[in-house]
Amino acid sequence: MPAKRPPVPLSRERIIEAALHIADSQGLRRLTMRRLGDALEVEAMAIYHHLPRGKEALMDALAEHVTTVHVERGPTWQETARAWCRAGRELLREHPGVLALALTKPPKGATAVAIREQTEQLAEGGLGDAPEAVRSLRAFVFGSVAVEVQQSGWADPEVDEWVRRDERADMDFERGLDALLKGLQT
């Protein structure tokens, strides 16, 4: 009889990855602590050791995971803003199952730090009202991704295969980002 492999230790990161997989493949409503425990091959109560506030802490962690973006400062504030927006969009598009959390959970922890970092980078790059610009850029990214997910068929039970990449959505995003950056410039 082959030797049994030792179980993979449970960690916050492993919990979040499994929860993202469930939310993205089955929807956020199907993400329960019991289902998550089954996916991780542990009792649901073991998750509470890593997330003492339970489901609420899990939802916060998922929102934080998909909204925490860091990029290097570019030569201009426009290039920095463009890099932030593109990176934020990609992260949100990777996990459509938790988009609703990203849209509704207030920024905390690492997300709040990342927003502060973005604001500082844009201000250091010469943008006048960086905090207002960051709010506008985040609103644009979140709205763009929400429309993309809606049009992709991800949440439609009648659709067998949802569209992850859409060239038209990419062009629309870039056109909208160009217009927003021009508007922030004035």
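Residues numbered from 1 in each chain as written. Predicted model: local features only at pLDDT ≥ 70, side-chain atom pairs only at ≥ 80, totals over all residues. Heavy atoms only, no water.

Student: Give a detailed account of the overall build of the protein chain, specifying residues and quantitative values.
Tutor: Of the regular secondary structure elements, the protein chain holds nine helices and zero strands. Written out in order from the N terminus, the α and β elements of the protein chain read α-α-α-α-α-α-α-α-α. Referenced to the eigenvectors of the C-alpha coordinate spread, the extents of the protein chain come out at roughly 70 × 40 × 30 Å. Counting the 186 residues in the protein chain, one finds 41% classified as buried. Just so you have it, the protein chain exposes about 11100 Å², and 53% of that area is on carbon and sulfur atoms. (Helix = DSSP H or I, 4+ residues; strand = E, 2+ residues; numbered from the N terminus. Buried < 20%, exposed > 50% of the residue type's maximum accessible area, 1.4 Å probe, protein only. Areas by Shrake-Rupley, 256 points an atom, 1.4 Å probe, with all protein chains shown as cover.)

Student: Outline unusual backbone geometry, listing residues and values.
Tutor: Look at glutamate 41: it is not a glycine, yet its phi comes out positive at around 60°. Secondary-structure assignment places glutamate 41 in the loop between α2 (33-40) and α3 (44-50). Overall, glutamate 41 belongs to the exposed group, its relative accessible area being 74%.

Student: Talk me through the UniProt feature "domain: HTH tetR-type" (unreviewed entry) in the protein chain; I want residue IDs and the actual numbers.
Tutor: Summarizing the sequence annotation, UniProt attributes the feature "domain: HTH tetR-type" (unreviewed entry) to residues 9-69 in the numbering used throughout. When the span residues 9-69 is considered, its composition is 70% helix and 0% strand, and the gap between its end C-alpha atoms is 27 Å. (UniProt positions renumbered as here; feature names shortened; annotations may be inferred.)

Student: Tell me about the nonpolar core, and name the residues and values.
Tutor: Nonpolar side chains tend toward joint burial in soluble globular proteins. With 46 residues, the main nonpolar core has Leu36, Leu58, Leu62 and Leu137 as its most contacted residues. For this core, the elements supplying multiple residues, two or more each, are α1 (12-26), α2, α4 (55-67), α5 (77-94), α6 (99-104), α7 (109-124), α8 (130-152) and α9 (167-185). For this core, the element with the highest residue contribution is α8, accounting for nine residues. Both domain 1 (12-57) and domain 2 (66-184) contribute no fewer than three residues apiece to this core. If we skip the residues at most four places from it in the chain, leucine 58 touches Ile15, Ala19, Leu31, Met33, Leu36 and Leu51. In this structure, Val69, Val71, Leu91 and Ala114 belong to the second largest nonpolar core, which totals five residues. (Core = buried A, V, L, I, M, F, W, Y, C linked by side-chain atoms within 4.5 Å. Domains from an automatic or database assignment. Contact = heavy atoms within 4.5 Å.)

Student: Could you give an account of the pattern of salt bridges, naming the residues involved and the relevant values?
Tutor: On inspection of all chains with the given rule, the structure shows 16 salt bridges. Glutamate 174 serves as the salt-bridge partner of arginine 86, at 2.9 Å between the closest nitrogen and oxygen. Of this pair, arginine 86 sits in helix α5 while glutamate 174 sits in helix α9; the two residues are 88 residues apart in sequence, bridging distant segments of the chain. Residue classification places arginine 86 among the partly exposed residues on the basis of a relative accessible area of 38%. (Salt bridge = Lys/Arg side-chain N within 4 Å of Asp/Glu carboxyl O.)

Student: For the side chain of serine 144, give the residues involved together with the corresponding values.
Tutor: Structurally, serine 144 is set in helix α8. Within the structure, the side chain of serine 144 is placed 2.8 Å from the backbone oxygen of phenylalanine 140, a separation counted as a polar contact. (Polar contact = N/O pair within 3.5 Å; in protein donor to acceptor, adjacent residues only side chain to side chain.)

Student: Outline the packing of α5 against α8, listing residues and values.
Tutor: One way to put it is that α5 packs onto α8 with a least axis distance of 10 Å and a crossing angle of 35°. The handedness of the crossing between α5 and α8 is right-handed. Across the interface between the two elements, Ala81, Cys85, Gly88, Arg89, Leu92 and Arg93 of α5 pack against Leu137, Val141, Phe142, Val145 and Glu148 of α8. For the contact of α5 with α8, the residue count by class is seven nonpolar, one polar and three charged. (Axes fitted to C-alpha atoms, helices over the stretch in contact; angles between N-to-C directions. Left-handed = near helix turned anticlockwise from the far one by under 90°. Nonpolar A, V, L, I, M, F, W, Y, C, P; charged D, E, K, R; others polar.)

Student: Let's hear about the side chain of threonine 67: which residues, and what values?
Tutor: With respect to the element layout, threonine 67 can be found in helix α4. A distance of 2.7 Å separates a polar side-chain atom of threonine 67 from the backbone oxygen of alanine 63. Excluding anything up to four places from it in sequence, threonine 67 contacts Leu91, Leu92, Ala102, Thr111, Arg138 and Phe142.

Student: Please provide a residue-by-residue account of the UniProt feature "DNA-binding region" (unreviewed entry) in the protein chain, values included.
Tutor: UniProt annotation of "DNA-binding region" (unreviewed entry) refers to residues 32-51 when read in the numbering used here. Note that residues 32-51 is 75% helix and 0% strand, and that its end C-alpha atoms are spaced 14 Å apart.

Student: Tell me about the environment of threonine 68, and please be specific about residues and values.
Tutor: Following the sequence through the fold, threonine 68 ends up in the loop between α4 and α5. Separated by 24 residues in the primary sequence, threonine 68 and leucine 92 place their C-alpha atoms 9.9 Å from one another. Here threonine 68 is in contact with Leu91, Ala110, Thr111 and Ala114, once residues within four sequence places are set aside. At 2.7 Å, the side chain of threonine 68 and the backbone oxygen of glutamate 64 are in polar contact.

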